[in-house]
Amino acid sequence: MECKEFRVDMRKRTNEDMIKWKRQNELLFKLSHTLPMTEEYNKVLKELFGNNIGDGSYVAAPLSGAAIENLKIGKNVFINSNLLAMSRGGITIEDDVQIAGNVSLLSNNHDLYDRQILTCKPVLIKKGAWIGAGATILAGISIGKYAVVGAGAVVTKDVPDYAVVVGNPAKVIKTLDAEKFK
């Protein structure tokens, strides 16, 4: 995935930014303290994501992160507990993705010399991908269609469609048969 980096100076946040940040944190807290799979839980999810969550998708609490308004979730996605979504650079999760517990999706980082500057690049997880427990996906990374990211993997390079990657840094160990997904 070819994507442009952009930078955000955290010293230049507006009052509106701070109000939005406070509300997001209130909703994240409320989600973590609401009985799952209830109408109240779904209502909090809807307020948190607005139209950025597709039909049949579920996000298990707790969820943490920043700029959650930049996290877009497709249809029939399952996200297990303890997702860290640092979404300032944008995170897109396409349809039918499975994300295990304790996964980190990091679309932003800090400048090495000025830590108040965020360096941002989008993360894309394509249709049908499966992200294993404890995996970390770094800024600017694309995970291919039906690819599998093994538990604990640290993904520093794009993952091709149907690839299985493991390790730190993640490396392709196998390619799945695309015909079996039709």
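Residues numbered from 1 in each chain as written. Predicted model: local features only at pLDDT ≥ 70, side-chain atom pairs only at ≥ 80, totals over all residues. Heavy atoms only, no water.

Quick look at helix 1 (residues 15-32)
Put simply, the rule is: Strands are runs of DSSP state E lasting at least two residues, helices are runs of H or I lasting at least four, and both sets are numbered from the N terminus onward. How far a helix is expected to stretch is found by multiplying one less than its residue total by 1.5 Å. Partly exposed residues are those whose accessible area sits between 20% and 50% of the maximum for their type, while under 20% is buried and over 50% is exposed, using a 1.4 Å probe and protein chains only. Throughout, the arc means that of the directions going from the helix axis to the C-beta atoms. Should any heavy atoms of two residues lie within 4.5 Å, those residues are considered in contact.
Along its 18 residues, helix 1 runs 26 Å from first to last C-alpha, staying within 8% of the 26 Å computed at 1.5 Å per residue. All buried positions along helix 1 are accounted for by Gln-24, Leu-27, Leu-28 and Leu-31. The buried residues of helix 1 occupy one face: seen down the axis, they fall within an arc of 100 degrees. Of the residues in helix 1, the exposed ones pointing more than 90 degrees away from the buried face are Asn-15, Ile-19, Lys-22 and Phe-29. Tucked inside the fold, the buried residues of helix 1 contact helix 2 (39-49) and strand 3 (63-66).

Some thoughts on the sheet that holds strand 17 (residues 154-155)
Condition: Here, strands pair whenever DSSP counts at least two bridges between them.
A sheet is described by the order of its strands in space; here 5 strands give the open sequence 3-6-9-14-17, paired in parallel fashion. Each edge of the open sheet carries a strand with a single partner, namely strand 3 and strand 17. As defined by bridge partners, strand 14 (residues 136-137) adjoins strand 17 across 2 bridges and the pair is classed as parallel. Following the sheet pairing, Thr-136 is matched in strand 17 by Val-154.

Concerning the layout of surface pockets
Rolling a probe over the atoms, with the probe sized like a water molecule, indicates the empty space that remains. In plain terms, the rule: In the cavity and pocket records, a cavity denotes points on a 1 Å grid over the protein atoms alone where a 1.4 Å probe fits but cannot get out, a pocket denotes an open set with protein on both sides within 12 Å along at least 5 of 7 lines, and lining residues are residues with an atom within 4 Å of a point. Grid points are joined across faces, edges and corners, and a volume is the space filled by probe spheres set on the points. Here the term charged refers only to Asp, Glu, Lys and Arg, the term nonpolar to Ala, Val, Leu, Ile, Met, Phe, Trp, Tyr, Cys and Pro, and the term polar to all other amino acids, Gly among them.
There is about 330 Å³ of room inside the largest pocket. Along its surface, the largest pocket is lined by 17 residues, and Met-10, Arg-13, Trp-21, Ala-66 and Arg-88 are the ones closest to its centre. Sorting the residues of the lining of the largest pocket by element identifies helix 1 and strand 10 (108-110) as the ones contributing at least two each. A per-class count over the lining of the largest pocket returns 7 nonpolar, 4 polar and 6 charged. If you add up the space inside the second largest pocket, you get close to 180 Å³. Lining the second largest pocket are Glu-5, Met-86, Leu-106, Asn-108, Asn-109, His-110, Thr-119, Cys-120, Lys-121, Leu-138 and Ala-139. Broken down by secondary-structure element, the contributors of at least two residues to the lining of the second largest pocket are strand 10 and strand 11 (117-120). A per-element tally of the lining of the second largest pocket places strand 10 first, with 3 residues.

Section: the packing of aromatic side chains
Given two aromatic rings, one states the distance between the centres and the angle between the planes to describe the pair. Rules: Working definition: a ring pair exists when centres of Phe, Tyr or Trp rings (six-membered ring for Trp) sit within 6.5 Å. Plane angles under 30 degrees give stacked, over 60 give edge-to-face, the rest tilted.
Following the criterion strictly, the structure yields 5 aromatic pairs and no others. Here Tyr-58 and Phe-78 contribute two aromatic rings whose centre-to-centre distance is 6.1 Å and whose plane-to-plane angle is 15 degrees, an arrangement assigned as stacked. Of this pair, Tyr-58 sits in strand 2 (residues 58-59) while Phe-78 sits in strand 5 (residues 78-79), and the two are 20 residues apart along the sequence. What makes Phe-78 partly exposed here is its relative accessible area of 32%. Aromatic rings pair up to connect Tyr-41, Tyr-58 and Phe-78 into one cluster.

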